[in-house]
Amino acid sequence: MFPASRDDARSLLATLGAPPHLLRHVELVGEAADLLIVLFREQGIPIDEDFVRVGVVLHDAGKIEHPRELTGPGNEHEAAGERMLLAASVTPALARVCLSHARWLQMASTLEELIIALADKLWKGVRAPDLEERALLDAAARGGRDRWGLFIPFDSCFERIAERGHVRLERSRHTR
């Protein structure tokens, strides 16, 4: 898998010209992803934790080419990011997160891709019920668990992450 670690992915983004605001964004989304990773570990649901950590860093790479989408709406960064990452020798599965983090409803997505999409919503305090439900169902299937047995721990974790969204949003305004 290239890049193999969160640090490798951050270095790649910096090399590609990521502005400080994008680097801060992926750091904050990464904080939400780390909490989700702990949830999956505690519930005994196996996931590729490294894929999630690296994918979170890379998911918005296309905003390097479309910087107006750093602070405004738009989806041009999605395909641009995938192309950019493939040109930088990133594995196709990781480059695909540029699409799947936003298009999870329209495309078949892995559980890891759904976790990245969730982290990208929850970090700023946004609950996405359809995305949460899909991740819950996929987690139950992967772990051989009953959906209802996972509902309370998952919902509680999602709420804990979302309720701190205002703090992370404030931090996003201050880049290092």
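Refer to the structure presented above.
An account of the accompanying structure is given in this report.

Cut-offs used in this document
- Residues numbered from 1 in each chain as written.
- Predicted model: local features only at pLDDT ≥ 70, side-chain atom pairs only at ≥ 80, totals over all residues.
- Heavy atoms only, no water.
- Helix = DSSP H or I, 4+ residues; strand = E, 2+ residues; numbered from the N terminus.
- Buried < 20%, exposed > 50% of the residue type's maximum accessible area, 1.4 Å probe, protein only.
- Lys, Arg positive; Asp, Glu negative; His and termini not counted.
- Salt bridge = Lys/Arg side-chain N within 4 Å of Asp/Glu carboxyl O.
- Polar contact = N/O pair within 3.5 Å; in protein donor to acceptor, adjacent residues only side chain to side chain.
- Contact = heavy atoms within 4.5 Å.
- Patch = residues over 30% accessible without salt bridge, like charges linked within 9 Å, V, L, I, M, F, W, Y side chains within 5 Å.
- Areas by Shrake-Rupley, 256 points an atom, 1.4 Å probe, with all protein chains shown as cover.
- Expected span 1.5 Å × (residues − 1).
- Axes fitted to C-alpha atoms, helices over the stretch in contact; angles between N-to-C directions.
- Parallel < 35°, antiparallel > 145°, perpendicular 65-115°, else oblique.
- Left-handed = near helix turned anticlockwise from the far one by under 90°.
- Nonpolar A, V, L, I, M, F, W, Y, C, P; charged D, E, K, R; others polar.
- Phe/Tyr/Trp six-rings, centres within 6.5 Å; stacked < 30°, edge-to-face > 60°.

Observations concerning the side chain of Asp 120
Moving on, step 1. Residue placement: Asp 120 occurs in helix H7 (residues 111–122).
Moving on, step 2. For Asp 120, which is buried and forms no salt bridge, the nearest opposite charge comes from Lys 124, at a distance of 5.7 Å.
Moving on, step 3. Separated by 3.1 Å, the side chains of Asp 120 and His 59 make a polar contact.
Moving on, step 4. Other than its neighbours up to four places away in sequence, Asp 120 contacts His 25, Val 29, His 59, Asp 60 and His 101.

Here's the deal with a nonpolar patch on the surface
Moving on, step 1. Together, Trp 148, Phe 151 and Ile 152 make up a nonpolar patch on the protein surface, roughly 350 Å² of accessible area in all.
Moving on, step 2. Residue placement: Ile 152 occurs in helix H9 (residues 147–163).

What about H9?
Moving on, step 1. Along its 17 residues, H9 runs 23 Å from first to last C-alpha, staying within 8% of the 24 Å computed at 1.5 Å per residue.
Moving on, step 2. Residues Arg 147, Leu 150, Phe 154, Cys 157, Phe 158, Ile 161 and Ala 162 constitute the buried set of H9.
Moving on, step 3. Considering only its buried residues, H9 is in contact with helix H2 (20–42), H7, helix H8 (129–143) and helix H10 (165–172).

Points about the packing of helix H3 (residues 49–58) against H7
Moving on, step 1. For the pair H3 and H7, interaxial distance at closest approach is 9 Å and the crossing angle is 45°. Viewed along their axes, H3 and H7 adopt a mutual orientation that is oblique. Note that H3 runs across H7; the crossing there is right-handed. Across the interface between the two elements, Phe 51, Val 52, Gly 55 and Val 56 from H3 touch Glu 112, Glu 113, Ile 115 and Ile 116 from H7.
Moving on, step 2. Its residues assigned to classes, the contact of H3 with H7 shows 5 nonpolar, 1 polar and 2 charged.

Describing the packing of aromatic side chains
Here a ring pair, both rings aromatic, is described through the centre-centre distance and the interplanar angle of the planes.
Moving on, step 1. Applying the stated rule across the entire model yields 3 aromatic pairs.
Moving on, step 2. Centroid distance Phe 40 to Phe 154: 5.1 Å. Interplanar angle 70°. Geometry classified as edge-to-face. Here Phe 154 lies in helix H9 and Phe 40 lies in helix H2, a separation of 114 residues in the sequence.
Moving on, step 3. Judged by its relative accessible area of 1%, Phe 40 falls in the buried class.
Moving on, step 4. On the basis of relative accessibility, which here comes to 1%, the residue Phe 154 falls in the buried class.
Moving on, step 5. Centroid distance Phe 154 to Phe 158: 5.9 Å. Interplanar angle 85°. Geometry classified as edge-to-face. Here Phe 158 and Phe 154 lie together in helix H9, a separation of 4 residues that amounts to about one turn.

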